[in-house]
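Each chain, written out:
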Amino acid sequence: MSERRTGVLTGLAAYGLWGLFPLYFPLLEPAGGVEIVAHRIVWSLLFVALLLTVLRGWAAVRRAAADRRTLLILAGAAVLITGNWLTFVIAVNAGHVVETSLGYFINPLVSVLLGVCFLGERLRRLQWVAVGTAAVAVAILTVEYGRPPWIAILLAGTFATYGLLKKLVRVDAAPGLFLETLLLVGPALVVLVVLQARGGGSLGEAGAGHVLLLASSGIATAVPLLLFAASTRRIPLSTVGLLQYVTPLMQLAIGVFVNGEPMPPARLAGFVVVWVALAIFTVDSLRATRSSRRALPEPAPAGL
């Protein structure tokens, strides 16, 4: 029970920190979205390098770096997570927090579809119902917004595909993040230098406190990821699947109650349909988990 409690608490901490991101990234202004993401890459690399040194985790980095297939997959993952970060930061700082929350609500359903398309997985009947219900929700929100909810679609698509690529390699959280940011740090440094040279960078313009906030983006990136990794080692994935809704619920609450973003009836109806889809999906997942546990053979007595 102690391990399970620790897993739940670390999972809640990870998803809770991610849920607070809409309050964090506006603090990094006047830096723009591209500059924030470039700093996030650079400072994440430095923080994770320090962490790997303390934890003596460089052997895992060397093993992953020696495998060409792993490096290629991590390079693709790095591009996807950069696109995800950029979309999220720009959307949050432009006042579209509610739509970002929608992206992370529908992310599990997009992940399921990717499993069907690329991993040959087969959906159960209720899973198809959940996916179809989510499609109806997107249609409702498209009519309400007057456009497809592109922010939500981009966030869900990039993060789900990122998860798909990470599923193809066996690399722990810290070594994986180090290699991903290492592959991106060159372009990130070029972006920062060009921005500063053209007068578009914020370093030196907003004081030492602003520099420290930008540097903290490395910690803000790595800590929730490491807490999440610690959680998944201790609790079933079905429990992790339930905890993941903490993040978009917090983001939705921040968008509506803190930022005052509108939630007209039609938009609320779209979100309600999404929640119905997620309820169907969650119930089916829990039933499947219980069925698989019952199907497992009884362990043999010790000594046989």
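Residues numbered from 1 in each chain as written. Predicted model: local features only at pLDDT ≥ 70, side-chain atom pairs only at ≥ 80, totals over all residues. Heavy atoms only, no water.

What counts is decided by this rule: UniProt positions are given in the numbering used here, feature names are shortened, and annotations may be inferred rather than shown by experiment.
By the naming in an unreviewed UniProt entry, the protein goes by Chloramphenicol-sensitive protein RarD and is assigned to Klenkia soli. Per its UniProt entry, the protein bears the Sequence similarities (unreviewed entry) comment "Belongs to the EamA transporter family."

**Examining the overall build of the protein**
Stated precisely, the cut-off is as follows: The secondary structure listing takes helices from DSSP runs of H or I that are at least 4 residues long and strands from runs of E that are at least 2 residues long, numbered from the N terminus. With C-alpha atoms as the basis for the radius of gyration, the globule rule is written as 2.2 Å multiplied by the number of residues raised to the power 0.38. The rule is simple: take the accessible area with a 1.4 Å probe, protein chains only, and divide by the maximum for that residue type; under 20% is buried, over 50% is exposed, in between is partly exposed.
Tallying secondary structure elements over the protein gives 13 helices and 0 strands in all. Ordering the α and β elements of the protein from the N terminus gives α-α-α-α-α-α-α-α-α-α-α-α-α. Scaling as 2.2 N^0.38, a compact globule of 304 residues should have a C-alpha radius of gyration of about 19 Å, and the protein matches this with 21 Å. Dimensions of the protein along its principal axes, counting C-alpha atoms only, are 65 × 55 × 35 Å. By the burial criterion, 44% of the 304 residues in the protein qualify as buried.

**Focus: the nonpolar core**
One broad rule of soluble globular proteins: the nonpolar side chains tend to lie buried together. To keep things clear, this is the line we draw: Think of a nonpolar core as a cluster: buried Ala, Val, Leu, Ile, Met, Phe, Trp, Tyr and Cys residues, connected wherever their side-chain atoms sit within 4.5 Å. Residue contacts follow a heavy-atom distance rule, with two residues in contact if any of their heavy atoms lie within 4.5 Å.
Among the nonpolar cores identified, the biggest contains 52 residues, and F25, V48, F88 and F178 are the most heavily contacted of them. The element that contributes the greatest number of residues to this core is helix α5 (residues 68-93), accounting for 11 residues. Residues contacting F25, with those up to four places away along its chain left out, are I36, R40, F88, V89 and N93. In this structure, L141, Y245, V274 and A277 belong to the second largest nonpolar core, which totals 23 residues.

**Structural notes on the pattern of salt bridges**
Worth spelling out the cut-off: The term salt bridge refers to a pairing of a side-chain nitrogen on Lys or Arg with a carboxyl oxygen on Asp or Glu at a separation within 4 Å.
Scanning all chains against the criterion turns up 5 salt bridges. Taking the shortest distance from any N to any O, the salt bridge between E3 and R234 comes out at 3.5 Å. Pair noted here: E3 is in helix α1 (residues 2-19) and R234 is in the loop between α10 (208-232) and α11 (237-243), with a separation of 231 residues, a long-range link. The shortest N-O distance in the salt bridge between K166 and E180 comes to 2.6 Å. Residue K166 is found in helix α8 (residues 150-167), and its partner E180 is found in helix α9 (residues 173-197); the two are separated by 14 residues along the sequence.

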